[in-house]
Amino acid sequence: QMPLRTVKDFSERVRIINIVPKAELCFTIIGPMTVDGVRSLNVECQSEEDANKWFSFLEVVINHFKKNKTIKSAVVIKK
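Residues numbered from 1 in each chain as written. Predicted model: local features only at pLDDT ≥ 70, side-chain atom pairs only at ≥ 80, totals over all residues. Heavy atoms only, no water.

(A) Inspection of the overall build of the chain at higher detail. Within the chain, the regular secondary structure consists of two helices and two strands. In the chain, the order of α-helices and β-strands from amino to carboxyl end is α-β-β-α. Looking at the chain as a whole, 8% of its 79 residues qualify as buried. Contacts spanning at least 24 positions in sequence make up 16% of the contacts within the chain whose residues lie at least 6 apart. Only carbon and sulfur atoms are counted for the fraction: they give 57% of the accessible area of the chain, which is about 7,500 Å². (Helix = DSSP H or I, 4+ residues; strand = E, 2+ residues; numbered from the N terminus. Buried < 20%, exposed > 50% of the residue type's maximum accessible area, 1.4 Å probe, protein only. Contact = heavy atoms within 4.5 Å. Areas by Shrake-Rupley, 256 points an atom, 1.4 Å probe, with all protein chains shown as cover.)

(B) Region of the structure containing the pairing of strand S1 (residues 26-34). Judged from the seven bridges that link them, S1 and strand S2 (residues 37-44) form a sheet pairing that is antiparallel. What sits directly across from Phe 27, in S2, is Val 43. Hairpin remark: S1 followed by S2, antiparallel, with two residues in the connecting loop. (Pairing = 2+ DSSP bridges.)

(C) View of the packing of aromatic side chains. Going through the model one piece at a time under the given rule, you end up with one aromatic pair. An angle of 75° between the planes, with centres 6.4 Å apart, marks the rings of Trp 54 and Phe 57 as edge-to-face. One end of the pair is Trp 54 and the other is Phe 57, both in helix H2 (residues 48-67) and three residues apart, which spans about a single turn. According to the relative accessible area criterion, Trp 54 is partly exposed, its value standing at 48%. (Phe/Tyr/Trp six-rings, centres within 6.5 Å; stacked < 30°, edge-to-face > 60°.)

(D) Focus on H2. Its 20 residues give H2 an end-to-end C-alpha distance of 29 Å, which sits within 8% of 28 Å, the value for a rise of 1.5 Å per residue. Looking one or two residues past H2, Lys 69 carries a phi angle of roughly 55°, positive in sign. (Expected span 1.5 Å × (residues − 1).)

(E) Molecular detail of the pattern of salt bridges. As enumerated under the stated definition, the model contains two salt bridges in all. Across the pair Arg 39 and Asp 36 runs a salt bridge, and its minimum N-O distance is 3.7 Å. Relative accessible area serves as the criterion here: at 52%, Arg 39 is assigned to the exposed category. (Salt bridge = Lys/Arg side-chain N within 4 Å of Asp/Glu carboxyl O.)

(F) A look at the confidence of the model for the chain. Mean pLDDT for the chain: 78, with 76% of residues reaching 70 or above. When mean pLDDT is taken per element in the chain, H2 scores highest with 89 and helix H1 (residues 7-13) scores lowest with 62. (pLDDT = per-residue confidence, 0-100.)

(G) Geometry of a nonpolar patch on the surface. The grouping of Ile 30, Met 33 and Val 38 at the surface amounts to a nonpolar patch, some 340 Å² of accessible area in total. Structurally, the position occupied by Val 38 is in strand S2. (Patch = residues over 30% accessible without salt bridge, like charges linked within 9 Å, V, L, I, M, F, W, Y side chains within 5 Å.)

Now the structure itself:
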């Protein structure tokens, strides 16, 4: 195969599939702004039940750190 040299070559030979997971199966943890920009962790779970469990576990961890004043910034949790 020849190397892809232009955007046109790329678009003719590569098909991009954009798959968006169901909202019930995923969540994102967004960190603070850094020099490199916002850091985030996107998580996709196998089931809605798993996503809810992870969300609950993370709430416990966040509340623990808030209680011990380890987290000094605002934490926003949206479902």
